[in-house]
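# What the coordinates show
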Amino acid sequence: MTFAPDQELEDLVKWLSPLDFSEKHNTIFERRARDTGKWFLGHQKFLAWRRGECEMLWCPGNPGVGKSVMVSLVINELREELPENTALVFIYFEYKTKYTASQLAEVILTQLARRRITQSGLESLRKWRKAGNHPTSDKLFDILKAEVESYDRVFVVIDALDEADTEIWTQLLGCLRPLRGISLIATSRDTGEIEFGLRPYERLDITVDEEDVRKYIEGRLESSGKFKRLLKTRRGVHEEIVAGIMNKADGMFLLARLHMNSLETKLRITDLRRALDELPNTLDATYDEAMSRISNDNEALAHRVISWLIHAAQPMTIRDLQYALAVEDGMTAIDDDDLHDEAALTSVCVGLVVLREDAGHRTSSKVVGLVRKSFTC
């Protein structure tokens with residue numbers, strides 16, 4: 001084994017792959033409610049996988065149940081007690097960001113290299129960079145195989161297989177699964193195509209624990225200044241909100257989140273109680289309700305924002321969206337006076353549009369996205 005000078009190694013891995021899922025992971029992990037997910041981390045099937053008693057653990061779940069947050073909990077749990085000579089790598093897929101299998105192999109190799117790299121692996125990186133050429137797929141997978149098998153064990157955590165091209169994830173897993181010491185865990189929606197492609201596997205469905213939903217709602221109530229001011233002397237209303245949202249959320253964290261966003265806009269207890277009674281109990285109806293809350297003054301802008309995000313061929317940064325919205329007939333140039341305020345572009349969409357980190361972008365700018373990929377105007 002070898003340890004290259006820190007700066008040299010960092011330069012080499014950044015040259016090999018600019019993709020970095022760390023910021024996306026941190027953003028998702030921060031969305032969790034404290035002390036949630038314990039049922040999963042303590043489940044006998046997860047613990048058996050962690051001990052190496054099964055090589056592939058598939059964790060399907062319905063939309064909105066919190067699969068990505070659960071993945072972030074798994075990553076942090078493994079990080080906290082990672083045995084010596086064991087590595088951890090992870091990938092978060094997102095439907096509008098497309099990767100090749102080689103790009104994913106490169107990002108796995110960079111994550112391994114940041115923990116430790118063999119002398120031959122280091123020399124290969126130096127040689128490729130000096131020549132100015134990235135390795136061919138065959139050479140890349142050869143060095144990846146050598147690096148993986150230099151460890152006793154490598155945990156590979158993958159989120160949202162259903163949001164990646166089938167050809168890509170099957171090619172990647174086809175290269176990883178035969179390697180000695182690989183332990184794979186992956187989330188996705190429950191589809192026959194993925195189920196067939198992952199065989200053989202152990203299965204652990206991701207569902208919503210009612211106590212986790214309660215902790216999420218109570219966490220929102222306790223951390224929001226708006227809720228605190230409105231409910232400071234009304235503990236009974238606090239309990240009404242918790243019970244009402246749990247009843248309407250129907251086992252979906254996403255639905256609970258959208259309902260809390262809606263209630264947070266209310267200025268009186270009377271309005272809050274009325275809204276709580278009228279909350280829809282399906283995602284589609286919830287999106288309709290959110291669209292109805294867009295003010296008349298902002299309706300045209302909000303629809304343009306959502307339309308751009310639905311039809312964009314690739315993820316848009318906030319800067320991309322600002323310039324797209326600034327274009328008008330007859331314009332020959334755009335300057336800063338034509339651009340909408342960054343915060344306004346998300347606030348006018350009442351929680352339907354969010355900023356997120358995207359590992360596929362070389363810039364530090366955040367990517368703008370819809371809160372749910374299947375949402376349409």
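Residues numbered from 1 in each chain as written. Predicted model: local features only at pLDDT ≥ 70, side-chain atom pairs only at ≥ 80, totals over all residues. Heavy atoms only, no water.

What follows is about the overall build of the chain. Scanning the chain for helices and strands turns up 19 helices and eight strands. For the chain, the C-alpha radius of gyration of 23 Å lies close to 21 Å, the compact-globule estimate for 377 residues. Among the 377 residues that make up the chain, the fraction classed as buried is 51%. For the chain, long-range pairs separated by at least 24 residues make up 77% of all intrachain contacts whose partners lie at least 6 apart in sequence. For the chain, the exposed area adds up to about 18600 Å²; of that, 46% sits on carbon and sulfur atoms. Charge-centre separation for the chain: the mean point of 51 positive side chains lies 3 Å from the mean point of 61 negative side chains. (Helix = DSSP H or I, 4+ residues; strand = E, 2+ residues; numbered from the N terminus. Rg over C-alpha atoms; globule rule 2.2 N^0.38 Å. Buried < 20%, exposed > 50% of the residue type's maximum accessible area, 1.4 Å probe, protein only. Contact = heavy atoms within 4.5 Å. Areas by Shrake-Rupley, 256 points an atom, 1.4 Å probe, with all protein chains shown as cover. Lys, Arg positive; Asp, Glu negative; His and termini not counted. Charge placed at Lys NZ, Arg CZ, Asp CG, Glu CD.)

Strand order in the open sheet made by the five strands is β2-β3-β4-β1-β5, with parallel pairing throughout. Where the open sheet ends on each side, the last strands, each with one partner, are β2 (86-92) and β5 (202-203). Bridge count between strand β3 (residues 153-159) and strand β4 (residues 182-188): five bridges; the pairing is parallel. What sits directly across from Phe 155, in β4, is Ser 183. (Pairing = 2+ DSSP bridges.)

Helix length check: helix α8 (residues 137-148), at twelve residues, gives a terminal C-alpha distance of 16 Å against a target of 16 Å (1.5 Å per residue), a fit within 8%. Looking only at α8, the buried set comprises Leu 140, Phe 141, Ile 143, Leu 144, Glu 147 and Val 148. Mapping the buried residues of α8 onto a view down its axis gives an arc of 165 degrees, with all of them on the same face. Across from the buried face of α8, at angles greater than 90 degrees, the exposed residues are Asp 138 and Asp 142. In this structure, the buried side of α8 is in contact with α6 (101-115), α7 (119-131), β3, α9 (166-176) and β4. (Expected span 1.5 Å × (residues − 1). Arc of directions from axis to C-beta.)

Let's shift gears to the state of the cysteines. All chains considered together, the criterion is met by zero disulfides. Cys 59 forms no disulfide, and the closest cysteine sulfur to it belongs to Cys 54, at a distance of 9.2 Å. On the accessibility criterion, Cys 59 (0% relative accessible area) is buried. (Disulfide = S-S within 2.5 Å.)

Helix α5 (residues 67-80) packs onto helix α2 (residues 22-30) with a crossing angle of 110 degrees between their chain directions and a minimal axis gap of 8 Å. Compared by their axis directions, α2 and α5 come out roughly perpendicular. Each of His 25, Ile 28 and Phe 29 in α2 lies in contact with α5, whose residues at this interface are Ser 68, Val 69, Ser 72, Leu 73, Ile 75, Asn 76 and Arg 79. The residue makeup of the contact of α2 with α5, split by class, is five nonpolar, four polar and one charged. (Axes fitted to C-alpha atoms, helices over the stretch in contact; angles between N-to-C directions. Parallel < 35°, antiparallel > 145°, perpendicular 65-115°, else oblique. Nonpolar A, V, L, I, M, F, W, Y, C, P; charged D, E, K, R; others polar.)

We now examine α6. Taking 1.5 Å per residue as the helical rise, α6 with its 15 residues ought to reach 21 Å, and the 22 Å between its terminal C-alpha atoms agrees with that figure. For α6, the tally of buried residues reaches twelve of 15 residues, placing the bulk of the element in the interior. Every buried residue belonging to α6 is among Ala 101, Ser 102, Leu 104, Ala 105, Glu 106, Val 107, Ile 108, Leu 109, Thr 110, Gln 111, Leu 112 and Ala 113, and all of these are buried. Among the structural elements, α1 (6-16), β2, α8, β3 and α9 are those in contact with the buried residues of α6.

For the rest of this paragraph, the subject is the side chain of Ser 150. With respect to the helices and strands, Ser 150 occurs in the loop between α8 and β3. A polar contact of 2.6 Å, which involves the side chain of Ser 150, links it to the backbone oxygen of Glu 147. (Polar contact = N/O pair within 3.5 Å; in protein donor to acceptor, adjacent residues only side chain to side chain.)

Along strand β1 (residues 56-60), five of the five residues are buried, which leaves the element largely enclosed by surrounding structure. Across five bridges, β1 lies against β4 in parallel orientation. Across the sheet, Met 56 pairs through a bridge with Leu 184, a residue of β4. Where β1 meets β5, two bridges bridge the pair, whose relative direction is parallel. Across the sheet, residue Trp 58 finds its bridge partner in β5, namely Arg 203.

Let us now look at the pairing of β2. Across the seven residues of β2, seven count as buried, placing the element largely inside the fold. Of the two faces of β2, the one carrying Thr 86, Leu 88, Phe 90 and Tyr 92 and the one carrying Ala 87, Val 89 and Ile 91 are both buried. As judged from the seven bridges shared by β2 and β3, these two strands associate in the parallel manner. From the neighbouring strand, Thr 86 faces β3, where its bridge partner is Arg 153.

Bringing the side chain of Glu 94 into the picture now. Structurally, Glu 94 can be placed in the loop between β2 and α6. A polar contact is formed between the side chain of Glu 94 and the side chain of Lys 24, at a distance of 3.2 Å.

Two elements in contact, α1 and α7, have axes separated by 10 Å at closest approach and are oriented at 60 degrees. Accordingly, the angle class assigned to the pair α1 and α7 is oblique. Two packed elements cross with a definite hand, and for α1 against α7 that hand is left-handed. Across from Glu 8, Asp 11, Leu 12, Trp 15 and Leu 16 in α1, the residues of α7 making contact are Leu 122, Leu 125, Arg 126, Trp 128 and Arg 129. Here the contact of α1 with α7 is composed, by residue class, of six nonpolar, no polar and four charged. (Left-handed = near helix turned anticlockwise from the far one by under 90°.)

The subject of this paragraph is unusual backbone geometry. In this model, Arg 199 is joined to Pro 200 through a cis peptide bond whose omega is -5 degrees. Considering the arrangement of structural elements, one finds Pro 200 in the loop between α10 (192-198) and β5. A positive phi is found at Asn 85, a non-glycine position, where the angle reads about 60 degrees. Here Asn 85 lies in the loop between α5 and β2.

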